[in-house]
Each structure stands twice: as structure tokens, then as C-alpha cells.
Amino acid sequence: MATKTAGPSALSRWIQHRANASTAKRIRRKGGRSMGMDLLILHTVGKRSGEPRETPLTWFGDDDSWLIIASGGGERDPDWYVNLMASPEQATAEWHGQEPVAVTPRVLDGAERERAWRRIVEQQPRIAKYQRKHSRQYPVVRLTRR
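Residues numbered from 1 in each chain as written. Predicted model: local features only at pLDDT ≥ 70, side-chain atom pairs only at ≥ 80, totals over all residues. Heavy atoms only, no water.

*Asks:* Tell me about the nonpolar core, residues and numbers included.
*Replies:* Within the largest apolar cluster, 17 residues are counted, with the highest numbers of intra-cluster contacts made by Leu40, Leu42, Ile68, Trp80, Leu84, Trp95 and Leu143. The set of elements that each furnish at least two residues to this core consists of strand 2 (37-45), strand 5 (65-69), helix 2 (79-86), strand 7 (101-107) and strand 8 (140-145). Once residues within four sequence positions are removed from consideration, Leu84 is found in contact with Leu42, Thr44, Ile68, Ala91, Pro105 and Val141. If you look at the next biggest cluster of nonpolar residues, it comprises 12 residues, including Ile69, Ala116, Ile127 and Ala128. (Core = buried A, V, L, I, M, F, W, Y, C linked by side-chain atoms within 4.5 Å. Buried < 20%, exposed > 50% of the residue type's maximum accessible area, 1.4 Å probe, protein only. Helix = DSSP H or I, 4+ residues; strand = E, 2+ residues; numbered from the N terminus. Contact = heavy atoms within 4.5 Å.)

*Asks:* Could you give an account of the pattern of salt bridges, naming the residues involved and the relevant values?
*Replies:* If you walk through the whole model with that rule in mind, you get 8 salt bridges. Here Asp38 and Arg33 are joined by a salt bridge, their closest N and O atoms 2.6 Å apart. Among the residues examined, Asp38 registers a relative accessible area of 27% and is labelled partly exposed. Residue classification places Arg33 among the partly exposed residues on the basis of a relative accessible area of 49%. A cluster of three or more residues bridged by salt bridges with shared partners is formed by Arg13, Arg76 and Asp79. (Salt bridge = Lys/Arg side-chain N within 4 Å of Asp/Glu carboxyl O.)

*Asks:* Any chance you could break down a nonpolar patch on the surface for me, citing the residues and the numbers?
*Replies:* Residues Leu11, Trp14 and Ile15 make up a contiguous nonpolar surface patch of roughly 360 Å² in combined accessible area. With respect to the helices, strands and loops of the structure, Ile15 is situated in helix 1 (residues 10-30). (Patch = residues over 30% accessible without salt bridge, like charges linked within 9 Å, V, L, I, M, F, W, Y side chains within 5 Å. Areas by Shrake-Rupley, 256 points an atom, 1.4 Å probe, with all protein chains shown as cover.)

*Asks:* Can you break down the side chain of His43 residue by residue, with the values?
*Replies:* Along the chain, the position of His43 falls in strand 2. The class for His43 is buried, based on a relative accessible area of 14%. One polar contact links His43 to Glu94, side chain to side chain, over a distance of 2.7 Å. Once residues within four sequence positions are removed from consideration, His43 is found in contact with Arg28, Arg53, Glu54, Gln90, Ala91, Thr92, Glu94 and Pro100. (Polar contact = N/O pair within 3.5 Å; in protein donor to acceptor, adjacent residues only side chain to side chain.)

*Asks:* Before we move on, can you summarise the packing of aromatic side chains with the specific residues and values?
*Replies:* The final tally for this structure, using the stated rule, is 3 aromatic pairs. Each ring, one from Trp59 and one from Trp95, has its centre 6.2 Å from the other, and the planes form 85 degrees; the classification is edge-to-face. Of this pair, Trp59 sits in the loop between strand 3 (52-58) and strand 4 (60-61) while Trp95 is found in the loop between strand 6 (92-94) and strand 7, placing the two residues 36 residues apart along the sequence. This pair shows no difference in class: Trp59 is buried, exactly as Trp95 is. For the pair Trp66 and Trp95, a centre-to-centre distance of 4.7 Å together with 45 degrees between the ring planes defines the contact as tilted. (Phe/Tyr/Trp six-rings, centres within 6.5 Å; stacked < 30°, edge-to-face > 60°.)

This is how it looks when you write it as C-alpha cells:
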């Protein structure tokens, strides 16, 4: 029988939700940059709860599409990624001073993922350092305006 990897505790989830809310508030008030990286707020719907979720994420790209990385979560995919993949049609993204925009997420693979990954780690080498600490390959997701 396969064992299920335990997820974060209720306390850990509560802390993460509070931290996300605080960071989202700061992005809306002061702008979308932190530690030299651009931030957006990804709006999803909880897979189990059906509740709206807001997750601040680093993004890379231009005005036509935005790359985000499903880092965090240790050896499991982060909750925001699971929520995004469960209900991609409900996803929106928000930037400082703008209303949320409906987006379509697409997980990159193969050569397309490799090109995107190289671009990302050229801009932020610390992301490659985080990836080396985990056995799971971080998914790279392209968001495009719907």
C-alpha cells in the first residue's frame, strides 16, 4: 500500500494564508517588487474548500505572457499550483494598480520548458539554487491573457 505524503498542518496553512494576505496588500499599496523580483497576485479557487485564494508570486515575462514557477511546497507541489490546475478556468492575475485579468495557465514541458527555465535562472540564479534542494522538478507555468 502506498503512503500519502503528509501536507502542511492547519497552523502552517493559516500562517501561509496570513502571509499571502499581507504581501498581497503590500503589492496593492506599494507596488509589485520584492528582493529584485516582480510580483503578481494569482487568484485561484481552493480545490477542496471552493474558497477564493490569493497567492503572491514572482513572475517573468512581458505584456503578452507571464511565467511563474511552482516552487515551494517542499517535495509536494504547492497548494496554489494544485488549485490552479484543478480549476484553470477560474484563474486571474493581478498587478499593482490594475484590476485582475483572466488568464489561461499552461504547464510547459520539454524544450519549451528548458528555454523558459534558462531565461528565468539567468534573471534570478537563486531559483536554480532552490531547485537543486528538491528532487521534484518545479513546474513552469505560462499564463496568457484569456
